[in-house]
Amino acid sequence: MDTPARKHVLLAVCGGIAAYKSAELVRLLRRQDTDVRVVMTQSAQEFASPLTFQALSGNPVHTELLDVDEENAMGHINLARWADVVIIAPATANTLAKCAHGLADDLVTTLFLAATCPVYIAPAMNQAMWNKAVTQENIRKLERYGVSFIGPDSGDQACGETGLGRMAEPADICRLLLTEPKDLVLNGLKVLISAGPTREYIDPVRYITNRSSGKMGFALARAALRAGAQVSLVSGPVNLPSPDSLDIVQVETAAQMYDAVLARAGNADIYIAAAAVADYSPIAMEKDKIKKQAEQTNLVLNKNKDILADVARLNNAPFTVGFAAETKDLDANAQEKLCKKNLDMIAANWVGQGQGGFDSEQNALEVFWDNGRTSLAMMDKNQLAEQLINLIAKRFNEKNRI
Ligand code: PMT
């Protein structure tokens, strides 16, 4: 990394087990030639010692709102003025809530209010606390106020549970903090993403669907947002929280997804088809619930229109990235889809039982394009999405910008 434009980094550490990761963050930031000042809440000091942060940052650590050692006892205002960027890491649910509501009863929340530079938050908390509606509401509020979120990641948590809530890795936080918006890989681009399953109705109470949870598509949407894109997400029925800065369109059936995607594709620079769209739908939905009568019955299905192929066929087609979900011959099937549907890129994943893919926190991808391929190893879907977005940006630039 060249000498960063953001030289003065103010790190606010809250009380959580992830505080130890923030010590590593200070070390990484110092290696990038930045000056780091650290402030800690009372409870952060239960998890990590101010001395650790003082030694790593080379600066005194601030813990009190009114600092008698400061010339005018206005340490928080001076610190806020000094900072080029503020990062709260780890941010607890409590500090998030206080920031969202403008409370300023300690040094960290007062600094948040006093800061005029960009503010980033890297939350860390138990997955149930993260998913709680009130926490999600606070996050949406803060996003509306211009705060940028980094993470959280999903995976095993210190409390023994698994899910979203782990603090993002220090290396990822460091890179994002020191990247100027103009240097983000998708800066200014419009990205359209499809996610989740579709439901094809047999009668008013029964439908055909699949195991897609939407996690891969939502992770891609978050990664594209972080990369500076303006993101539209067309999603089938899922049970996932979404950031406010997304233009999200909720659909149910493959036909509705077709209409929603095609209405937006002409205006997009990049289309990523992560949705698991039903290939077939019942020829017509019965008006009433089908009665149990015969020993055997037949369901007649019609082939659905292929959204991805039709987007790639548009005169002003965006850079088009398909997914391939396979249980055998992954490479050959993916390459055939790449070619037949005339795509710019395809990301193939195994979707057999216990193989990542559907409804799992992790996934692995084999990515193919014209005369090229690469493997992205099994990892958390958030990290995987970030790597795929970087790859897409690189190929997009090679095709369009350079
Ligand atoms: O949602 P998760 O639980 O996180 O799981 C992620 C995932 C496994 C669903 C995702 O990684 C994935 O593989 N998505 C594509 C699933 C799929 O439908 O694959 P396919 O090989 O059947 O389809 C190939 C491509 O054509 C896909 O990009 C699909 O979106 C697209 N398609 C398919 C049918 C159709 N009628 N229209 C389409 O656009």
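Look up: the structure comes first, before these words.
Just so you know, these numbers come straight off a predicted model, no measurement behind them.

(A) A look at the overall build of the chain. In terms of helices and strands, the chain carries 14 helices and 19 strands. Here the C-alpha radius of gyration of the chain, 24 Å, is about what a compact globule of 402 residues would show, namely 21 Å. Overall, the C-alpha framework of the chain stretches about 85 × 50 × 35 Å when taken along its three principal axes. Of the roughly 19,400 Å² of accessible surface on the chain, a fraction of 48% belongs to carbon and sulfur atoms. On the chain, the mean spot of the 41 positive side-chain charges and the mean spot of the 47 negative ones are 5 Å from each other.

(B) A look at the sheet that holds strand β1 (residues 8-13). Read across the sheet, 5 strands follow the order β2-β1-β3-β4-β5 without closing on themselves; strand pairing throughout is parallel. Across the chains shown, the open sheet's two edge strands, defined by having one partner strand only, are β2 (35-40) and β5 (148-149). Pairing geometry for strand β4 (residues 119-123) and β5, over 2 bridges, is parallel. Residue Y120 lies in a different strand from β5, and its bridge partner there is S148. Sheet strands touched by helix α6 (residues 107-114): β1, β2, β3 (85-91) and β4. Its angle to β2, the strand with the most contacts, is close to 125 degrees.

(C) Quick peek at the packing of aromatic side chains. Across all of its chains, the model carries 2 aromatic pairs by this definition. A ring pair is formed by Y201 and Y207, whose centres lie 5.4 Å apart and whose planes are at 70 degrees; its orientation type is edge-to-face. You can call Y201 partly exposed: its relative accessible area is 21%. Residues F319 and F396 carry aromatic rings whose centres are separated by 6.0 Å and whose planes lie at 75 degrees to one another, so their mutual orientation is edge-to-face. Note that F319 is positioned in strand β16 (residues 319-326) and F396 in helix α14 (residues 381-401), a separation of 77 residues in sequence. A residue is classified by how much of its surface remains accessible, and F396, at 6% relative accessible area, is buried. One residue, K305, lies across the ring of Y258, its end atom 4.1 Å from the ring centre.

(D) Spotlight on the pattern of salt bridges. What the rule picks out here adds up to 23 salt bridges. Put simply, D359 and K215 hold a salt bridge, and the shortest N to O gap is 3.4 Å. With D359 in the loop between β17 (345-350) and β18 (362-369) and K215 in helix α10 (residues 215-226), this residue pair connects regions lying 144 residues apart in the sequence. Several salt bridges converge on common partners, so that one network encompasses D172, R175, R226 and E386.

(E) Examining the nonpolar core more closely. Grouped together as the largest cluster of nonpolar side chains are 38 residues, with contacts concentrated most on L186, L220 and I272. The element contributing the most residues to this core is α14, with 8 residues. Setting aside chain neighbours within four positions, we find I272 in contact with V191, L192, I193, S194, L220, V321, F323, I389 and I392. Within the second largest apolar cluster, 31 residues are counted, among which are V9, L25, V26 and C174.

(F) The site of the ligand, seen in detail. Near the ligand lie 29 residues; those nearest to it are S212, S213, K337, N349 and D359. Contact distances for the ligand include 2.6 Å between an oxygen atom and a backbone N or O atom of D359. Separating an oxygen atom of the ligand from a side-chain N or O atom of K381 is a distance of 2.7 Å. About the coverage of the ligand: the protein hides 95% of its 770 Å² of free accessible area.

Parameters at a glance
- Per chain, the residues get numbers from 1 upward, laid out in the order the sequence is written.
- Only residues with pLDDT of at least 70 get local features here, since the model is predicted, and only at 80 or more are side-chain atom pairs given and counted; chain-wide, interface and lining totals rely on the full set of residues.
- As a convention, hydrogens and water are excluded, and side-chain values are obtained from all of the structure's heavy atoms.
- Counting from the N terminus, the helices are DSSP H or I runs at least four residues long and the strands are E runs at least two residues long.
- For this measure, only C-alpha atoms enter the radius of gyration; the expected value for a globule follows 2.2 Å times N^0.38, where N is the number of residues.
- Each accessible area is a Shrake-Rupley result for a 1.4 Å probe, and residues are judged covered by the shown protein chains and nothing else.
- Positive charges are assigned to Lys and Arg, negative charges to Asp and Glu, while His and the chain termini are left out of the count.
- Charged side chains are reduced to one point each, which is NZ for Lys, CZ for Arg, CG for Asp and CD for Glu.
- For two strands to count as paired, DSSP must find a minimum of two bridges between them.
- Note on definitions: a residue-residue contact is assigned when non-hydrogen atoms from the two residues lie within 4.5 Å.
- Axis lines are fitted through C-alpha atoms, for helices just across the contact stretch, and the angle between N-to-C directions can take any value from 0 to 180 degrees.
- In summary, the pairing rule links any two rings of Phe, Tyr or Trp, Trp by its six-membered ring, whose centres are within 6.5 Å, and it sorts them by plane angle into stacked for under 30 degrees, edge-to-face for over 60 and tilted for everything else.
- Type-normalised accessible area, obtained with a 1.4 Å probe on protein chains alone, sets the label of each residue: buried when under 20%, exposed when over 50%, and partly exposed for intermediate values.
- Geometrically, a charge over a ring is one whose NZ (Lys) or CZ (Arg) sits within 6 Å of the ring centre while staying within 35 degrees of the ring normal.
- The salt bridge criterion pairs a side-chain nitrogen of Lys or Arg with a carboxyl oxygen of Asp or Glu, the two atoms within 4 Å.
- Residues grouped as a nonpolar core are buried Ala, Val, Leu, Ile, Met, Phe, Trp, Tyr and Cys residues, joined through side-chain atoms within 4.5 Å.
- In this text, near means that some heavy atom of the residue lies within 4 Å of the molecule or strand in question.
- In protein, a polar contact means a hydrogen-donor-capable atom and an acceptor-capable atom, both N or O and within 3.5 Å, with residues adjacent in sequence counting only if both atoms are side-chain atoms; elsewhere, any N or O pair within 3.5 Å suffices.

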